[in-house]
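One-letter residues, chain by chain:
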Amino acid sequence: MKRTYQDLNEEQREAVVHNAGPALILAGAGSGKTRVITYRIIRLVEEMKVSPFRILAVTFTNKAAQEMKDRVANLAGYQQAREIFIGTFHRLCLTILKLHADKLGYQPGFTIYDDSDQKAVIKECLWDLKLDEKQVHPYAVHSHISAAKNELKDPKEYEELVAGIFQEKVAQIYPRYQQKLRENNAMDFDDLLFNAVLLMKKHPEILEGYRRRFEYVQVDEYQDINSAQYQLVSAIAHPLNNLYVVGDPDQSIYGWRGADIRNILRFEHDFPGARVFKLQQNYRSTKSIIQAAQAVIRNNSQRKEKELFSLREMGETPTYYQAEDDKDEAEFVVKTVYERLGQPGRSFRHVALLYRTNAQSRVLEDACRRHNIPYIIVGGLKFYDRKEVKDMLAYLHVLVNPKDSVSLRRMINTPIRGIGSGTVAKLEENAKQQDLSMLEAARLAATSGEFPKKATQALANFVAMMDSLIAERDLIAPSEFVKHVLERSGYLTDLATDDSLESKMRAENLKELVNSVLDYEKSFEKSAEGNTEEAAKKPTLEGYLDQVSLVADVDKLEDKKNCVTLMTMHNAKGLEFPIVFITGMEEGLFPHNNSMEEDDDVQEERRLCYVGMTRAMDVLYLTGAACRYVYGTPQWRAPSRFLSEIPKDMIQVTGKAASIVATQGGLYEVKDVKKKEFDELKDPEWDDEPVMAPYAIGDTVRHKHFGKGMVLALIGSGDDLTVTVSFPNHGKKQLKAKIAKLEKVE
DNA sequence: CGGCGTGCCCTTTTT
DNA sequence: GGGCACGCCG
C-alpha cells in the first residue's frame, strides 16, 4: 500500500519522507510531532521495507510511548507495532540490563530504588561516615550523585574534579553509596542509564549486537536528553547514523535533571550532513494564545530560529487576574470554571489548573472541594508513595530480591511483630561484620541464641514466614500471591483491629494495589507488553515491580473521568486542554527564587512558562496573588516578569487587589474590580481578612546606611516581617523590619 | 519495646 | 502547613 500522507501538511510531509541519515525535526508546540514520528515509523516499515524489529523509538514518558504504540498499531496493524521497540529510555535500559546483569556483577532480579529508598541509603552512608545529616543534606548529596551519573562520572572521576568542602563530602559518600546499592542488588534510576552505557563500553560485542539490531533510531523530546542518554543513543545509532530526532529547544525544561539543551542546539555539528526540518504551524491554539506565548519566549537569547504560527481564529485574548491572596486566586479560578461550564460543549475535563510547585495545589484543591468541583491531581503524593502501599511493595521487593535490605528494614516490623529497633540495629551490625544480607543475618540469629529469647522467637517466626512466602512466590499468579502476602503478613488483620476511617482507607488502597497487579496481568492477555525480548512472556511478580518502578503519574492519566486536572507545568508537557489556568504568576514563585540568579535558569523558567501557555487550546488565564502563604507565613511579591513581557494589547488585566500594583516595569493598572460576584459565591467562614503589611511592593523606603531603595518583596508579618529591598548602590538586601526601621518615602 | 507528643525545617520542578 | 526525627513515658 502506498500512502499519500494527505492528512499531513507540507512541512510535516517533508519531514516524514526523509530517508536515511541523521535528521533533526524542530517541532514547535502543538505542531503534530507525534504524528510525524509515527508516520515516519510506518513509512520505514511499509515503503522502505525495514523490519519492525530493527526500529527503535525512545520517549521520556510511558504515556508518550503508549500513544505512539497505539497510533502505529492503528495505522500499520498490531502485529507490526509489537515488533518495534517503542519505550522510554529507562525501559530500554532496564530491558538491556536484565539480559546482561551478570556482566556488571548484578543478578537479574535486581531492585530499582525510588527516591525514598535512595535517601535511606544515603543516610546509612552518612551514618557510617559519622556525618551529620543536618549539615550534609541527604537530598543535596543525592542530587550531586545523580548529576554525576547523568554526566557519566563514576566515583573516581567525580573525586578528581572535586571543588569545595561539600563536594569533598560527596566524593566520600558516592563510592560507599554505590557499594551499598550493589550489596542490596539494587540500582537507582540514574544507574539504569549509567550502567547501560557502561555495559556498552565494557562489552563492545553487546553494543555491536544492538547496533546491528537497531538500524533506525527515533528519539522524541530530544531537547531533554542528558549526556548519558546522548551517549547511549549515539552509540547505538553509530555508524549508520539513521538517527531521527524530534524536539523543541523552547520546551527544554529539565536542565536541573541533567538535560543538556546544547545536545539539540549542536545536533548538526555532532552529526554532519544532518537534515533539519521545522514544523512551525500550530494546530492546537488560537492565534491570540500563540502570539502571547511567542511574546514571552522571544525574550530568551539561547534559541534556534523558529516562529510558531496558528491558522486558527484569533479567539479570546488571554486574561491576567491579580488576586489579593492565594485563596482569592483559588476562588477566582473556581468561579471562572463555573462560568465557563455554562458555555456549550464545556465540561470539567476541559480544564487544567497548572502551577509551578506542588505545594500550590492544596489551596486550589480546597477551593474545588468547597464548590464541589471534581478534580484529579497528577503528581504530588502518588499512589505508590502511600505508606501502606510502600510497605507492601517492600514485602514484595524482599521476596523477589532477598538481598534488598533497605526494603527489609522497612517491613521487618510492620506490622509490629516484636522485632524492635534494638534488634534491627544488632542484625545490621551482624550483617555488616559477616558480610551477609539482613535476611541471612536474621536467619542465623533465629537459631544462634545470641539474641534475647523473645527476639529470637520473633525472628524465627519472621524468617519462617519469609521462607514459606518465597517458596510459594512462583507457584501462583502474582495477584493471588500479593493477596496471600497481605494475609500472611498480618498486615490486613492489623488494619482491621481499629475501625478508624484512616485504616479503612488504607485497606482500600491495598485492594487497589491488588487491582493494579490484576491490570498488569491483563496487559499480558492482549500481550500489549509488546517487547519481544522481555525475558518472560508471562506475568511475574518481578515484572510487575519493574513496571511500578518505572511508571509516573502522568502515564496513568485517563481522560475518561470528567474531572478538572491539577498538575505542575512540568507534568503538563505534551498535554493539551481547551481551558488552562496558570496560577502563581509571581516573582519568586515563577520564576522561582532558586532560579532567579543565573540567566540560564531564568531562561529555563521562561521556557516552562511557554510550555504552560501553549497547553491551552481556546482559553488561557494567568493568575497571581499579591500575598501568598508559604510555610504558613504570608509573603508579598510582585507580578511575574513574564506577564510584563506580553504586550498590553495581547492580554486583558483584571483583579481586585487595587492596593498592590505590579512593579516589574509597572505595566499593570488594576481595573474592573469584580468583588461583588465573588462574595456571592464565597463561603463566608472562609473569607478571612488578609494580613496587612506596613509597606507595599514598589514602595520607596530609606535605610540609615543604604539610603533610598525599592521594596521588592515582603515575608512574614508583625515582628517577623522581612523586607527585601533593592538599593541602587548596595544591591538586594533582606532586612528585618523590626530592626532596620525603614522609613517610607513618598 | 512501642506509642505518642513536641519541635524543627523545608522540596522547585521528576523518569 | 506538615512530615519527620527525637525524646519521654507507660
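A few points on the structure. What you are looking at is a predicted structure, and each value in this text was computed from that prediction instead of being measured.

Analysis parameters
- Residues numbered from 1 in each chain as written.
- Chains lettered and ligands numbered in written order.
- Predicted model: local features only at pLDDT ≥ 70, side-chain atom pairs only at ≥ 80, totals over all residues.
- Heavy atoms only, no water.
- Salt bridge = Lys/Arg side-chain N within 4 Å of Asp/Glu carboxyl O.
- Helix = DSSP H or I, 4+ residues; strand = E, 2+ residues; numbered from the N terminus.
- Buried < 20%, exposed > 50% of the residue type's maximum accessible area, 1.4 Å probe, protein only.
- Near = heavy atom within 4 Å.
- Polar contact = N/O pair within 3.5 Å; in protein donor to acceptor, adjacent residues only side chain to side chain.
- Phe/Tyr/Trp six-rings, centres within 6.5 Å; stacked < 30°, edge-to-face > 60°.
- Lys NZ or Arg CZ within 6 Å of the ring centre and 35° of its normal.
- Contact = heavy atoms within 4.5 Å.
- Core = buried A, V, L, I, M, F, W, Y, C linked by side-chain atoms within 4.5 Å.
- Expected span 1.5 Å × (residues − 1).
- Patch = residues over 30% accessible without salt bridge, like charges linked within 9 Å, V, L, I, M, F, W, Y side chains within 5 Å.
- Areas by Shrake-Rupley, 256 points an atom, 1.4 Å probe, with all protein chains shown as cover.
- Lys, Arg positive; Asp, Glu negative; His and termini not counted.
- Charge placed at Lys NZ, Arg CZ, Asp CG, Glu CD.
- Pairing = 2+ DSSP bridges.
- Right-handed = clockwise from strand over helix to strand, strands pointing away.
- Axes fitted to C-alpha atoms, helices over the stretch in contact; angles between N-to-C directions.

1. Notes on the pattern of salt bridges
Where charged atoms from two side chains of opposite charge come close, those side chains can pair.
Right, on to step 1. What the rule picks out here adds up to 54 salt bridges.
Right, on to step 2. Residues Asp-188 and Lys-149 are paired through a salt bridge, measuring 2.8 Å at the closest nitrogen-oxygen approach. You can see Asp-188 sitting in strand 5 (residues 186-188) and its partner Lys-149 sitting in helix 7 (residues 138-150), a full 39 residues away along the chain. Lys-149 carries the same exposure label as Asp-188, and that label is buried.

2. Re the protein's contact with DNA strand C
Right, on to step 1. Neighbouring DNA strand C are the residues Lys-123, Arg-362 and Tyr-631.
Right, on to step 2. The protein-proximal atoms of DNA strand C, defined as those within 4 Å of the protein, are 30% sugar or phosphate.
Right, on to step 3. Contact distances for DNA strand C include 2.4 Å between a phosphate oxygen and a side-chain N or O atom of Lys-123.

3. Quick word on unusual backbone geometry
A negative phi holds for most residues other than glycine; trans holds for most peptide bonds.
Right, on to step 1. Of the consecutive residues Thr-414 and Pro-415, the connecting peptide bond is found in the cis state with omega at -5°.
Right, on to step 2. As for its position among the elements, Pro-415 is in the loop between helix 19 (405-411) and helix 20 (421-434).
Right, on to step 3. Unlike most non-glycine residues, Lys-49 shows phi in positive territory, near 55°.
Right, on to step 4. Summarising the element assignment, Lys-49 is placed in the loop between helix 2 (33-46) and strand 2 (55-59).
Right, on to step 5. Lys-49 gets classed as exposed once you look at its relative accessible area, which sits at 65%.
Right, on to step 6. A positive phi angle, close to 50°, is found at Asn-185, a residue other than glycine.

4. Here's the deal with the packing of aromatic side chains
Right, on to step 1. Considering all chains together, one arrives at 15 aromatic pairs under this definition.
Right, on to step 2. When the centroid spacing of 6.3 Å and the interplanar angle of 20° are considered together, the rings of Tyr-210 and Phe-214 count as stacked.
Right, on to step 3. Plain terms: the ring middles of Tyr-222 and Phe-267 are 5.6 Å apart, the flat faces sit at 90° to each other, and that makes the pair edge-to-face. Of this pair, Tyr-222 sits in the loop between strand 6 (216-219) and helix 12 (227-237) while Phe-267 sits in helix 14 (residues 267-270), and the two are 45 residues apart along the sequence. Residue Tyr-222 shares its accessibility class with Phe-267, and that shared class is buried.
Right, on to step 4. Taken together, the ring pairs connect Tyr-222, Tyr-230, Phe-267 and Phe-271 into an aromatic cluster.
Right, on to step 5. Across from the ring centre of Phe-110, 4.9 Å away, lies the NZ or CZ of Lys-98, which sits over that ring.
Right, on to step 6. The ring of Tyr-254 has Arg-257 lying over it, and the distance from NZ or CZ to the ring centre is 4.3 Å.

5. Looking at the environment of Arg-3
Right, on to step 1. Along the chain, the position of Arg-3 falls in the segment before helix 1 (10-16).
Right, on to step 2. Sequence separation of Arg-3 and Cys-93 is 90 residues, and the distance between their C-alpha atoms is 34 Å.
Right, on to step 3. Ignoring sequence-local partners within four residues, the contact set of Arg-3 consists of Ile-42, Glu-46, Glu-47, Leu-75 and Ala-76.

6. With respect to the nonpolar core
Right, on to step 1. Judged by nonpolar contacts, the single largest core of 67 residues is most densely connected at Leu-192, Val-217, Val-219, Tyr-222, Leu-232 and Leu-243.
Right, on to step 2. Residues within four places of Val-217 in sequence aside, it is in contact with Leu-56, Val-233, Ile-236, Ala-237, Asn-242, Leu-243 and Tyr-244.
Right, on to step 3. Counting 49 residues, the second-largest nonpolar core is a separate cluster that includes Val-400, Leu-408, Ile-412 and Leu-513.

7. Some words on helix 6 (residues 115-128)
Right, on to step 1. Its 14 residues give helix 6 an end-to-end C-alpha distance of 20 Å, which sits within 8% of 20 Å, the value for a rise of 1.5 Å per residue.
Right, on to step 2. Taken together, the buried positions of helix 6 are Asp-117, Gln-118, Val-121, Ile-122, Cys-125, Leu-126 and Asp-128.
Right, on to step 3. For helix 6, the side-chain oxygen to backbone nitrogen distance between the N-cap and Ser-116 is 3.1 Å, and the N-cap itself is Asp-114.

8. Observations regarding helix 25 (residues 501-525)
Right, on to step 1. Along its 25 residues, helix 25 runs 36 Å from first to last C-alpha, staying within 8% of the 36 Å computed at 1.5 Å per residue.
Right, on to step 2. The complete set of buried residues in helix 25 reads Ser-503, Asn-509, Leu-510, Leu-513, Val-514, Ser-516, Val-517, Tyr-520, Glu-521, Ser-523 and Phe-524.
Right, on to step 3. Elements that come into contact with the buried residues of helix 25 comprise helix 18 (387-400), helix 23 (478-488), helix 24 (491-496) and helix 26 (541-550).

9. Digging into a negative patch on the surface
Right, on to step 1. Residues Glu-597, Glu-598, Asp-599, Asp-600 and Asp-601 make up a contiguous surface patch of negative charge.
Right, on to step 2. The partly exposed category is assigned to Asp-599, whose relative accessible area is 48%.

10. Some words on the side chain of Thr-88
Right, on to step 1. Within the secondary structure layout, Thr-88 lies in strand 3 (residues 85-88).
Right, on to step 2. A polar atom in the side chain of Thr-88 sits 3.0 Å from the backbone nitrogen of Arg-91.
Right, on to step 3. If near-sequence neighbours (up to four positions away) are discounted, Thr-88 is found in contact with Val-58, Thr-59, Phe-60, Thr-61 and Asn-62.

11. Things to note about the pairing of strand 6
Right, on to step 1. Residues of strand 6 alternate between two faces, with Tyr-216 and Gln-218 on one and Val-217 and Val-219 on the opposite face, all of them buried.
Right, on to step 2. With 4 bridges joining them, strand 2 and strand 6 adopt parallel strand pairing. From the neighbouring strand, Ile-55 faces strand 6, where its bridge partner is Tyr-216.
Right, on to step 3. As defined by bridge partners, strand 6 adjoins strand 7 (residues 243-247) across 3 bridges and the pair is classed as parallel. Bridge assignment links Gln-218 to a residue of strand 7, and that residue is Tyr-244.
Right, on to step 4. On the question of chirality, the crossover connecting strand 6 to the parallel strand 7 by way of helix 12 is right-handed.

12. Quick notes on the pairing of strand 1 (residues 23-27)
Right, on to step 1. Of all the 5 residues making up strand 1, 5 are buried; the element is thus mostly covered by neighbouring parts of the structure.
Right, on to step 2. Here strand 1 shows two buried faces, one formed by Ala-23, Ile-25 and Ala-27 and the other by Leu-24 and Leu-26.
Right, on to step 3. Looking at chain direction, strand 1 and strand 8 (residues 275-279) are connected through 5 bridges and run parallel. Considered in strand 8, the bridge of Ala-27 is made with Leu-279.
Right, on to step 4. Bridge count between strand 1 and strand 7: 4 bridges; the pairing is parallel. By the bridge assignment for strand 7, Leu-24 is matched with Val-245.

13. What to know about the sheet that holds strand 6
Right, on to step 1. On the basis of which strands lie adjacent, the open sheet formed by 6 strands has the order 3-2-6-7-1-8 and parallel pairing. Lying at the two open borders of the sheet, with one neighbouring strand each, are strand 3 and strand 8. Averaged over all adjacent pairs, the angle separating strand axes in this sheet is 15°, with direction ignored.
Right, on to step 2. Against the sheet, helix 5 (residues 89-100) engages strand 2, strand 3 and strand 6, with an angle of about 110° to strand 3.
Right, on to step 3. Taken strand by strand, helix 12 contacts strand 6 and strand 7, and its axis lies near 155° from that of strand 6.

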